[in-house]
Amino acid sequence: MKHDELSRRKDDHLDIVLDPLRAGTRASAGWDAVQFEHCALPELDLADIDLRSSLLGIALQAPLLISSMTGGAARAVAINHHLAEAAQALGIAMGVGSQRVSLQTGNDQGLTRELRRIAPDIPLLANIGAAQLLEKDGMDLAHRAVDTLEANGLIIHLNPLQEAVQPEGDRHWRGVLAQIARAVTVLKVPVVIKEVGAGLSASVAQTLVEAGVQVIDVAGAGGTSWAAVEGERATRAADRAVAMAFAGWGIPTATCVQTVRQALPDVRLIASGGVRDGVDAAKAIRLGADLVGQAASVLPGATLSTEAVIEHFEVVIRQLRVACFCTGSANLAGLRHARLLDSRALPR
């Protein structure tokens, strides 16, 4: 694919994701089925609640990840700088969007060591697509993605549904698992596997962990539907019809978190996909997530300023703190054992 076509596609993605009426999903993330038992006598000081966490051995002030976002070259530079400045100020983690375009075109989109200079103290995650690992220079791309950012880890994103419904998508996926296992071996940083909105099942997560993957981001259904995004991009009615049939496809994020945690009690687990606020974040942690990621809900602020991103996450952090307070949880370990109204209502 020509480099300018790649950049234009990413720009289209950004326009669509910024319009919730176009990028919305027909799926539910499953959070509404999870209800905390309210504690009317918490015996806590709200100010003392400890939200500290960590990722890849790096301390975080809150269990939050700025999830991967995409965008056209001109806007992406400012967006990535705003996100990195906010992550550093808040002490939370950041994963960049796919680096394929920047690595293959030389148009860096702000994905350079400047991000590490802006955010020297946080976990910063590079990102490439699993299908790119099958290309002749796939491992070189993986190395460059990490080196370009001085990243602490590499996200390899799995997006088979998006590729299948995208007219110019990568449909050849035979051998991806072997290449992931190879990347685990040859890279000097941990590998994080992330879906992009259709979710990771427990069986797939287990296969990935057996291949050496250290962190799983379930990225379940309930947030941005990339099938719907590709449907909105489609110029042919048939392509749109195929993509839109899958707008509600996927495993709800709450189900992913619960089932993956049950199957893999020790894996570092990130919940993303349809996390609307700090209450959803609290529910994700209760179901087994170590960290919680947001992307689309952050993007409008990221196009404006660093301050807008900080303000967004300060609200999420306040909401998460109140959820801890009203469940009698002094810290995240306590929140993981908070009482639920009816465990039978948990998504299966």
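Residues numbered from 1 in each chain as written. Predicted model: local features only at pLDDT ≥ 70, side-chain atom pairs only at ≥ 80, totals over all residues. Heavy atoms only, no water.

Quick notes on the overall build of the protein chain
Looking only at helices and strands, one finds 16 helices and 10 strands in the protein chain. Every one of the 348 residues in the protein chain was classed for burial, and the buried ones make up 56%. (Helix = DSSP H or I, 4+ residues; strand = E, 2+ residues; numbered from the N terminus. Buried < 20%, exposed > 50% of the residue type's maximum accessible area, 1.4 Å probe, protein only.)

Thoughts on the pattern of salt bridges
Within this structure, the stated rule accounts for 17 salt bridges. Of the charged contacts, one joins Asp290 and Arg261 as a salt bridge, the two residues approaching to 2.9 Å between their closest N and O atoms. Of this pair, Asp290 sits in the loop between α13 (278–287) and β10 (291–294) while Arg261 sits in helix α12 (residues 253–263), placing them 29 residues apart in sequence. Judged by relative accessible area, Arg261 falls into the buried class, the value being 15%. Ionic contacts of the salt-bridge type, sharing partners, join the residues Arg261, Arg268, Asp290 and Arg336 into one network. (Salt bridge = Lys/Arg side-chain N within 4 Å of Asp/Glu carboxyl O.)

Quick word on the environment of Gly274
Within the secondary structure, Gly274 sits in the loop between β9 (268–272) and α13. For Gly274, a relative accessible area of 18% translates into the label buried. A C-alpha to C-alpha distance of 8.8 Å links Gly274 and Pro252, two positions 22 residues apart in sequence. Not counting residues within four places of it along the chain, the set of residues in contact with Gly274 comprises Ala29, Trp31, Gly222, Gly223 and Asp280. (Contact = heavy atoms within 4.5 Å.)

Focus: the sheet that holds strand β6 (residues 153–158)
Read once around its circumference, the closed barrel built from eight strands follows the order β3-β4-β5-β6-β7-β8-β9-β10, with strand pairing classed as parallel. The mean inter-strand angle of the sheet, taken between neighbouring strand axes irrespective of direction, is 25 degrees. Bridging between strand β3 (residues 64–66) and strand β4 (residues 93–95) involves two bridges; their strand directions are parallel. Bridged to Leu65 within β4 is Ala93. Packed onto the sheet, helix α15 (residues 306–325) meets β3 and β10 and runs at close to 155 degrees relative to β3. (Pairing = 2+ DSSP bridges. Axes fitted to C-alpha atoms, helices over the stretch in contact; angles between N-to-C directions.)

Focus on the pairing of strand β5 (residues 124–129)
The element β5 is extensively covered by neighbouring structure, given that six of its six residues are classed as buried. Side chains of β5 alternate between two faces, with Leu124, Ala126 and Ile128 and Leu125, Asn127 and Gly129 buried alike. Inspection of the sheet shows β4 paired to β5 by two bridges, in the parallel sense. Within the sheet, the bridge partner assigned to Met94 lies in β5 and is Leu124.

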